[in-house]
Amino acid sequence: MVATAATGSDRDIVVAALTSEQATLASYAALSRTHPAARKRIAPLIGVQRQHVAALAAALQLDSPPPAPTAAEPVRPLGSAVPDLARRAARDRLADCRAVASGSVASTLASMAASHSVVVAEWTPA
């Protein structure tokens, strides 16, 4: 999931997506800290979020991503927090995908949207 360099207005969209993905990463990390029994289940989400951040930083041609926020939002109950975070991220990345001109950037953002949608499905009770 590597995009070519984002330019022009695509760059602004990718910067906003990077900030959003970092906030989601910070939220997952906070959930992991406050729900120790769920750390093993949350760990893969954190790993995927790190990949999302790295892919967007690469699209911006950054050597490393800017520092992530420390407190993205108040920590909520685990059962609702994870699917809510993933649902919002999926919706936002899909909107970003539709807004960019670059096909490779759109592909990267669409892949992220799909990844978040899988999290929603896996964490939403049947």
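All values reported here derive from a predicted model rather than from experimental measurement. (Residues numbered from 1 in each chain as written. Predicted model: local features only at pLDDT ≥ 70, side-chain atom pairs only at ≥ 80, totals over all residues. Heavy atoms only, no water.)

**Q** Which residues make up the nonpolar core, and what values do they have?
**A** Within the largest apolar cluster, 30 residues are counted, with the highest numbers of intra-cluster contacts made by Tyr28, Leu31, Ile42 and Val82. When residues of this core are traced back to their parent elements, those giving at least two are α1 (8-34), α2 (39-59), α3 (78-99) and α4 (103-123). Contact partners of valine 82, with chain neighbours within four places excluded, come to Tyr28, Leu31, Leu45, Val119 and Trp123. (Core = buried A, V, L, I, M, F, W, Y, C linked by side-chain atoms within 4.5 Å. Buried < 20%, exposed > 50% of the residue type's maximum accessible area, 1.4 Å probe, protein only. Helix = DSSP H or I, 4+ residues; strand = E, 2+ residues; numbered from the N terminus. Contact = heavy atoms within 4.5 Å.)

**Q** Talk me through the pattern of salt bridges; I want residue IDs and the actual numbers.
**A** If you walk through the whole model with that rule in mind, you get four salt bridges. Residue arginine 87 pairs with aspartate 84 through a salt bridge whose shortest N-O separation is 3.1 Å. Placement of both arginine 87 and aspartate 84 in helix α3 is noted, with a separation of three residues, approximately one turn of the helix. (Salt bridge = Lys/Arg side-chain N within 4 Å of Asp/Glu carboxyl O.)

**Q** Just give me the short version of α2, but keep the residues and values in it.
**A** Along its 21 residues, α2 runs 30 Å from first to last C-alpha, staying within 8% of the 30 Å computed at 1.5 Å per residue. Within α2 the residues assigned to the buried category are Ile42, Leu45, Ile46, Gln49, His52, Val53, Ala55, Leu56, Ala57 and Ala59. (Expected span 1.5 Å × (residues − 1).)

**Q** For the environment of valine 119, give the residues involved together with the corresponding values.
**A** Its place among the elements puts valine 119 in helix α4. The exposure class of valine 119 is buried, given its relative accessible area of 9%. As a C-alpha pair, valine 119 and proline 83 span 36 residues in sequence and 6.7 Å in three-dimensional space. When residues no more than four places from it in sequence are discounted, the contact partners of valine 119 are Tyr28, Leu45, Val82 and Ala86.

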